[in-house]
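This is what each chain is made of:
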Amino acid sequence: MVSRVIPVDEFDLVIFGGTGDLARRKILPALFRRFCAGQMEPGARIIGAARSEMDDDGYRNFVREALREFGTGRSCEEGTLDGFCETLSYVTVDARGTQGWKELAAKMKIGVVRAFYFSVGPSLFGDLAERLHQYGMADADSRIVVEKPFGRDLATARALNHTLALHFDEGQIYRIDHYLGKETVQNLMAVRFGNMLFEPLWNAQYVDHIQITVAETVGVGGRGEYYDRSGAMRDMIQNHLMQLLCLIAMEPPAKFDPDAVRDEKLKVIRALDPVPPEDIVRGQYLAEPDDPEKPGYLEHVDNPRSKTESFIAMRLAISNWRWKGTPFYLRTGKRLRGRTSEIAVVFKDTPHSIFGPEAGRHRNILTIRLQPNEGMELGVTIKEPGPGGMRLIDVPLDMSFAEALGPDAEEVPDAYERLIMDVVRGNQTLFMRGDEVEAAWAWTDPLIDGWEARGDAPEPYESGSSGPEDALMLMHRDGRRWREIRA
Ligand code: NAD
């Protein structure tokens, strides 16, 4: 039932920022799980590289601690952790200086895949790329992985692309968006392009609208300063929700290969209409009453005059033959009622109800759940069982991965596991290309410039709610409703 585990080639993976939060919480646990799954060849090596002074044993202890704290999430044989730790070593490196670079270069093996994960702030990307080149580590078989945020507008994204391009070809640059590594997101492509059932209906003639929701219950946490300079539009819409939108809306690529898929995604972004101000609702969460642990957004970011949004809902239109007339509603926010990420494809009513008005209105909805409980659900209309005439009800055809795969479900790799292994394999399909990122900013920038120029203030919303009232109105005025965000 579970995917076959095909060992990847021998590799050297250098994690710049190997002592940082992302490395501890995501990258190292993901690597450990792939090691447990038997995917790493014996010669594979992981090299932590960061500013802290540490030796190899110190780093191994650091990683053991991180794995204890952030869980392995997989059953592993006794002793596997020791085996994993043997793959680890550490070099103290200064991204902006000379310290550590010769040592790092001397460590690299010849003739194996070299991957450099830039798990540091974007202001260091250029320094790292330049030094990798200068110290002779950037050979044709090396690749770099860069984290979000990839710029904060078109100009900065372009500058970043330009800097990286001085030292690496586009085919060596892996811009990570972990949403693309989720099992369900890839399943979305399998469902669309591996079945005859859906694709003929996947257009404005049969689809009433599409909703994409990414709701979080947490506030901005310890990232207040960063978040207040970004907001939900930059932090979530421009990248994660845009990527989901592209996969839902794109034309079938001729092949499942990186450029064919990314070409189609790019066409979607380019076909997006500008969004008028009345189709955008921005919000800021209020304090949870009587809970000093949950202050309002303004206190959280310690900026009483902030106009940054912690919630955004918008109505988008795609001007092409497939989608003209089908709106896409996107919303994402913090401190909402539940933690839900889903895409709902809401099909149109049947052209005529043979059951009369008393049968009510029923629609097929295909829901792709990213969390919780990754899976898909297709709502179909059936007769309510029993006597009493033809009453209709909607029931789900549910495909939860946990149920479908049983105990094997826990072995499905998480997003970071899959993406890091894709880097080693040299498969860029699930990574963003430079022109895609730029196109997304080119669409985003005027919207942000617009509300900044108008001085629009976000609408306050209650903590634990579904967002501001106006977000509900955005749908109501079109005669539609958001799907419920479940607690
Ligand atoms: P962090 O501040 O926890 O860690 C930064 C790391 O960079 C440390 O290991 C530090 O030693 C190293 N570093 C800093 N300056 C250096 C220098 N001059 N030379 C060498 N090493 C240096 O940051 P983080 O939260 O791990 O985030 C890293 C990157 O990942 C950032 O770009 C962030 O936006 C992105 N990101 C983080 C998360 C997350 O959950 N933490 C999620 C998505 C994206």
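Rules of the game
- Residues numbered from 1 in each chain as written.
- Predicted model: local features only at pLDDT ≥ 70, side-chain atom pairs only at ≥ 80, totals over all residues.
- Heavy atoms only, no water.
- UniProt positions renumbered as here; feature names shortened; annotations may be inferred.
- Helix = DSSP H or I, 4+ residues; strand = E, 2+ residues; numbered from the N terminus.
- Rg over C-alpha atoms; globule rule 2.2 N^0.38 Å.
- Buried < 20%, exposed > 50% of the residue type's maximum accessible area, 1.4 Å probe, protein only.
- Contact = heavy atoms within 4.5 Å.
- Lys, Arg positive; Asp, Glu negative; His and termini not counted.
- Charge placed at Lys NZ, Arg CZ, Asp CG, Glu CD.
- Near = heavy atom within 4 Å.
- Polar contact = N/O pair within 3.5 Å; in protein donor to acceptor, adjacent residues only side chain to side chain.
- Areas by Shrake-Rupley, 256 points an atom, 1.4 Å probe, with all protein chains shown as cover.
- Axes fitted to C-alpha atoms, helices over the stretch in contact; angles between N-to-C directions.
- Parallel < 35°, antiparallel > 145°, perpendicular 65-115°, else oblique.
- Left-handed = near helix turned anticlockwise from the far one by under 90°.
- Core = buried A, V, L, I, M, F, W, Y, C linked by side-chain atoms within 4.5 Å.
- Domains from an automatic or database assignment.
- 1 Å grid on protein atoms, 1.4 Å probe; cavity = no way out; pocket = protein on both sides within 12 Å on 5 of 7 lines; lining within 4 Å.
- Points joined across faces, edges and corners; volume = space filled by probe spheres on them.
- Nonpolar A, V, L, I, M, F, W, Y, C, P; charged D, E, K, R; others polar.
- Patch = residues over 30% accessible without salt bridge, like charges linked within 9 Å, V, L, I, M, F, W, Y side chains within 5 Å.
- Salt bridge = Lys/Arg side-chain N within 4 Å of Asp/Glu carboxyl O.
- Pairing = 2+ DSSP bridges.

The name an unreviewed UniProt entry gives the protein chain is Glucose-6-phosphate 1-dehydrogenase, with Litorivita pollutaquae as the organism. Of the comments in the UniProt record for the protein chain, the one headed Sequence similarities (unreviewed entry) reads "Belongs to the glucose-6-phosphate dehydrogenase family."

With that out of the way, let us pick up the overall build of the protein chain. When helices and strands are tallied, the protein chain shows 14 helices and 15 strands. For a compact globule of 487 residues, the expected C-alpha radius of gyration is about 23 Å, and the protein chain comes in at 24 Å, within 12% of that figure. If one aligns the C-alpha atoms of the protein chain with their principal axes, the spans along those axes are about 75 × 55 × 50 Å. Counting every position in the protein chain, which comprises 487 residues, the buried fraction comes to 53%. Here the contacts in the protein chain between residues at least 6 apart in sequence split such that 78% fall between residues at least 24 apart. Distance between charge centroids for the protein chain: 3 Å, based on 60 positive and 76 negative side chains.

A separate point is the site of the ligand. Near the ligand lie 20 residues; those nearest to it are T19, D21, R25, A95 and V120. Interatomic distance of 3.2 Å between a backbone N/O atom of G20 and an oxygen atom of the ligand. Between L22 and the ligand, the recorded distance is 2.8 Å, taken from a backbone N or O atom to an oxygen atom. Considering the ligand on its own, with 840 Å² of exposed area, one finds that the protein chains cover 73% of that surface. A total of three residues in the shell around the ligand trace back to one element, the largest contributor, which is helix α1 (residues 21-36).

Orientation of helix α8 (residues 224-249) relative to helix α13 (residues 434-454), taken along the N-to-C sense of each, is 140°, at an axis distance of 10 Å. As summarised for this structure, α8 and α13 are arranged oblique, according to the angle between their axes. As for the relative orientation of α8 and α13, their crossing is right-handed in sense. On the side of α8, the interface is formed by M233, R234, I237, Q238, M242 and Q243, while α13 contributes E436, V437, A440, W441, W443, T444, L447, I448 and W451.

The next subject is the nonpolar core. Formed by 136 residues in total, the largest nonpolar core has its most connected members in F16, L104, F118, M314, F328 and W443. The greatest single-element share of this core, amounting to 13 residues, is contributed by α8. Counting contributing residues per domain, this core is built from domain 1 (11-147) and domain 2 (180-413 + 433-476), each supplying no fewer than three. Ignoring sequence-local partners within four residues, the contact set of M314 consists of M233, I237, V275, D279, I280, F328, Y329, L330, W443, L447 and L474.

In total, this model carries one cavity of 30 Å³ or more according to the counting rule given. Reported here for the largest cavity is a volume of approximately 70 Å³. Lining the largest cavity are V146, E147, K148, F150, R175, I176, Q238, N239, M432 and V437. Its residues assigned to classes, the lining of the largest cavity comprises five nonpolar, two polar and three charged.

Here R486 is to be found in the segment after α14 (469-476). For the pair formed by R486 and G325, sequence separation is 161 residues and the distance between their alpha carbons is 29 Å. Beyond its immediate stretch of four places on either side in the chain, R486 contacts R337, G338, R339 and T340.

The next subject is the environment of G219. Assignment of secondary structure puts G219 in the loop between β7 (207-215) and α8. Residue G219 is classed as buried on the basis of its relative accessible area, which comes to 15%. The sequence separation of G219 and K334 amounts to 115 residues, and the corresponding C-alpha distance is 5.3 Å. In contact with G219, not counting residues within four places along its chain, are Y285, H300, K334 and R335.

According to UniProt, the feature "binding site: NADP(+)" (unreviewed entry) maps to G17, G18, T19, G20, D21, L22, A23, R24, R51 and K148 in the numbering used here. The annotated residues named above include K148 as those lining the largest cavity. Checked against the element boundaries, G20 lands in the loop between β1 (11-16) and α1. Relative to the elements of secondary structure, L22 occurs in helix α1. Aside from chain neighbours lying at most four places away, what touches L22 is I27, Y117, S119, E147 and Y416.

A surface patch of nonpolar side chains, about 300 Å² in accessible area, is lined by I354, F355 and M390. With respect to the helices, strands and loops of the structure, M390 is situated in the loop between β13 (375-383) and β14 (392-400). Of the residues examined, M390 reaches a relative accessible area of 42% and is grouped as partly exposed.

Of all nine residues in β7, nine are buried, a share of seventy percent or more. In the sheet, β7 pairs with strand β11 (residues 340-347) via eight bridges, with the strands oriented antiparallel. Of the residues in β11, the one forming a bridge with A215 is T340. Note: β7 against strand β10 (residues 328-333), six bridges, orientation parallel. Paired with A215 across the two strands is G333, which belongs to β10.

This part covers the sheet that holds strand β6 (residues 173-175). The pairing of strands in a sheet happens through backbone hydrogen bonds and is either parallel or antiparallel. Overall, parallel pairing links the six strands, which are arranged β3-β2-β1-β4-β5-β6 in an open sheet. Of all the strands in the sheet, the pair left with one neighbour each is β3 (88-92) and β6. Taken pair by pair, the neighbouring strands of this sheet meet at an average axis angle of 20°, ignoring direction. As defined by bridge partners, strand β4 (residues 113-118) adjoins strand β5 (residues 142-146) across five bridges and the pair is classed as parallel. Note that in β5 the partner of R114 across the bridge is S142. This element, helix α5 (residues 125-134), spans β1, β4 and β5 of the sheet and lies at about 155° to β4.

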